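# Chains, contacts and geometry: an overview
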Amino acid sequence: MKALFVLLLAQLCSASLVPEREKDPEYWRRQAQETLRNALRLQRLNQNVAKNLILFLGDGMGVSTVTAARILKGQLHGQGEESLLEMDKFPFVALAKTYNTNAQVPDSAGTATAYLCGVKANEGTLGVSAGVTRDRCNTTKGQEVTSILRWAKEAGKAVGIVTTTRVTHATPSAAYAHSANRDWYSDGEMPPDALEGGCKDIARQLVENIPDIEVILGGGRKYMYPRNVSDVEYPHEEKQRGTRLDGRNLVQAWREAKPRGKVAEYVWHRRALLALNLTRVDFLLGE
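Residues numbered from 1 in each chain as written. Predicted model: local features only at pLDDT ≥ 70, side-chain atom pairs only at ≥ 80, totals over all residues. Heavy atoms only, no water.

## Things to note about the state of the cysteines
This model, assessed by the stated rule, comprises one disulfide. Between the sulfur atoms of Cys 137 and its disulfide partner Cys 199 the distance amounts to 2.1 Å. Residues Cys 137 and Cys 199 share a disulfide whose torsion about the S-S bond is about 105°; that sign makes it right-handed. Here Cys 199 lies in the loop between helix H7 (192–196) and helix H8 (202–208) and Cys 137 lies in the loop between helix H4 (108–117) and helix H5 (148–154), a separation of 62 residues in the sequence. For the residue pair Cys 137 and Cys 199, the accessibility class agrees, reading buried in each case. Not engaged in a disulfide, the cysteine Cys 117 finds its nearest cysteine sulfur in Cys 199; these two sulfurs lie 17 Å apart. (Disulfide = S-S within 2.5 Å. Helix = DSSP H or I, 4+ residues; strand = E, 2+ residues; numbered from the N terminus. Buried < 20%, exposed > 50% of the residue type's maximum accessible area, 1.4 Å probe, protein only.)

Laid out in structure tokens, this is it:
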């Protein structure tokens, strides 16, 4: 038993040592470009430039999960394993694998950084290279990596984030945030040394990093409001109250950051969303 424990400890220690080349974002981008070139050489494909791109992601949606969903659908409809999911009918299907640089089983922060920024990172870190150590604010500066959302904005595209989880959750926030810890939703969840080191919480980065995201829809409203401010929908539930220590109302800050003459609308329930005249809305935030 002792020998097994020592072996496991040695494996964990070796896993935490990330090779220097893997801390360089270009290392991963060169690999990605070569993989694409190899794939294109295999067959003649449509290589036209897409006008628009919508990326759908099922968090934790690996091959085994998709297989289980397909079997369940078949059982519910009397088809067994012969059933097909809608995506099984697509003309082109590909597989992608990813992992954390210091872990074989990745978390949502590392995978989001990989598929949105094209760079693999350490477990629990978000929108940064593998040069950042989890919880270490002072390792973040200069290690930020850019996402496909920012690239699209720089190309003049309209962009949006729509999620069934918190907009500050690891999966969507890699599109706009850079953090040494995926759980730093507001400054109320950050340790004193990270605040003193100048690191920003994820909700604040949502408002400040890319202030012209056209559409943001999801949950996590409490991270946008000062501590103990009652929630508009659940005013009597303590766990839904605001968590911010800096006293800022980030919904108000989001509005104020918009250019003069642009219409920015905030909604928190379905009725208000459906009542909007979207032809007259430039920016939309819903939580």
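## Points about unusual backbone geometry
Residue Asp 135 is not a glycine yet carries a positive backbone phi of 75°. Along the chain, Asp 135 falls in the loop between H4 and H5.

## Notes on the sheet that holds strand E1 (residues 160–166)
In spatial order, the strands read E1-E2-E4-E3; together these four strands make up an open sheet with parallel pairing. Sheet topology places E1 and strand E3 (264–267) at the edges, where each strand pairs with a single neighbour. Across the sheet, the axes of successive neighbouring strands diverge by a mean angle of 5°, strand direction being ignored. Here E1 runs beside strand E2 (residues 215–219); their pairing, made up of four bridges, is parallel. Each bridged residue has a counterpart across the sheet, and for Gly 160 the counterpart in E2 is Val 215. (Pairing = 2+ DSSP bridges. Axes fitted to C-alpha atoms, helices over the stretch in contact; angles between N-to-C directions.)

## Description of the UniProt feature "binding site: Mg(2+)" (unreviewed entry) in the protein chain
As recorded in UniProt, the feature "binding site: Mg(2+)" (unreviewed entry) lies at Asp 59, His 169 and Thr 171. Their sequence span is 113 residues, while the largest C-alpha to C-alpha distance among them is just 11.0 Å; these annotated residues converge on one region. Along the polypeptide, Asp 59 turns up in the loop between helix H2 (25–42) and helix H3 (63–76). Setting aside residues no more than four positions away along its own chain, Asp 59 makes contact with Ser 108, His 169 and Thr 171. In this structure, Thr 171 sits in helix H6 (residues 170–173). With residues up to four places along the chain from it excluded, the contact list for Thr 171 reads Leu 57, Asp 59, Ser 108, Ala 112, Tyr 115 and Leu 116. A polar side-chain atom of Thr 171 sits 2.7 Å from a polar atom in the side chain of Asp 59. (UniProt positions renumbered as here; feature names shortened; annotations may be inferred. Contact = heavy atoms within 4.5 Å. Polar contact = N/O pair within 3.5 Å; in protein donor to acceptor, adjacent residues only side chain to side chain.)

## Regarding the environment of Glu 256
You can see Glu 256 is positioned in helix H9 (residues 250–256). Classification of Glu 256 by relative accessible area gives exposed; the value is 58%. Between the C-alpha atoms of Glu 256 and Ala 180, which are 76 residues apart in sequence, the distance is 28 Å.

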